[in-house]
Amino acid sequence: MHVSAVLPSFTNTELIAGTRSPKGMRNCEPEDIADAVVALIGRPRPQAVVPKALAAQTRLGALFPDRLKQAIGRRYGLDTIFLDYDEQARKSYDARIRTSG
């Protein structure tokens with residue numbers, strides 16, 4: 001038995017409705033994530049970053065000191081990405097998750 005983690009970037013699903021993409025990045029499509037899962041089944045490994053181009057950045061970023069990671073996050077708008085959003089665009093998603101149980 002193998003256990004793997006799929007680490008997707010923003011993916012065009014209802015989960016990110018009303019938010020903006022990180023600066024300089026395009027959102028993944030659900031099919032991109034499905035392709036990564038299928039690839040892991042065919043060739044198991046500990047993790048798959050989607051898109052693949054972020055894999056090196058993710059690994060390298062783990063070596064950075066916290067202050068540098070925070071500065072990079074601010075530069076790309078990651079520090080406010082979930083604070084500055086379109087409430088109207090998220091309305092149906094928020095209502096659904098509040099009532100699901």
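Residues numbered from 1 in each chain as written. Predicted model: local features only at pLDDT ≥ 70, side-chain atom pairs only at ≥ 80, totals over all residues. Heavy atoms only, no water.

1. Let's talk about the environment of alanine 48
In this fold, alanine 48 is placed in strand 2 (residues 47-50). In sequence terms alanine 48 and serine 21 are 27 residues apart; their C-alpha atoms lie 20 Å from each other. Those residues within four positions of alanine 48 in sequence are excluded, and the remaining contacts are Ala5, Val6, Leu7 and Leu40. (Helix = DSSP H or I, 4+ residues; strand = E, 2+ residues; numbered from the N terminus. Contact = heavy atoms within 4.5 Å.)

2. Digging into the pattern of salt bridges
Tallied over the full model, the rule gives three salt bridges. A salt bridge links arginine 96 to glutamate 14; its shortest N-O distance comes to 2.6 Å. Here arginine 96, found in helix 4 (residues 87-99), pairs with glutamate 14, found in the loop between strand 1 (5-8) and helix 1 (30-42); they are 82 residues apart in sequence, far enough to count as distant. Classification of arginine 96 by relative accessible area gives partly exposed; the value is 44%. The shortest N-O distance in the salt bridge between lysine 69 and aspartate 66 comes to 3.6 Å. Separated by three residues within a single helix, lysine 69 and aspartate 66 lie in helix 3 (residues 66-75), roughly one turn from each other. With a relative accessible area of 51%, aspartate 66 lands in the exposed category. (Salt bridge = Lys/Arg side-chain N within 4 Å of Asp/Glu carboxyl O. Buried < 20%, exposed > 50% of the residue type's maximum accessible area, 1.4 Å probe, protein only.)

3. As for the layout of surface pockets
When its volume is computed, the largest pocket comes out at roughly 730 Å³. Forming the boundary of the largest pocket are 24 residues, of which Met25, Leu54, Gln57, Thr58 and Leu78 lie nearest the centre. Contributions of two or more residues to the lining of the largest pocket are made by strand 1, strand 2, helix 2 (54-61) and helix 3. Counting residues per element, the lining of the largest pocket draws most heavily on helix 2, which supplies five residues. Of the voids in this model, the second largest pocket is the one considered here, and its volume is about 180 Å³. Among the elements of the structure, helix 1 and strand 2 are those that each provide at least two residues to the lining of the second largest pocket. By residue number, the principal contributor to the lining of the second largest pocket is helix 1, which donates four residues. In terms of residue class, the lining of the second largest pocket is built from seven nonpolar, no polar and six charged. (1 Å grid on protein atoms, 1.4 Å probe; cavity = no way out; pocket = protein on both sides within 12 Å on 5 of 7 lines; lining within 4 Å. Points joined across faces, edges and corners; volume = space filled by probe spheres on them. Nonpolar A, V, L, I, M, F, W, Y, C, P; charged D, E, K, R; others polar.)

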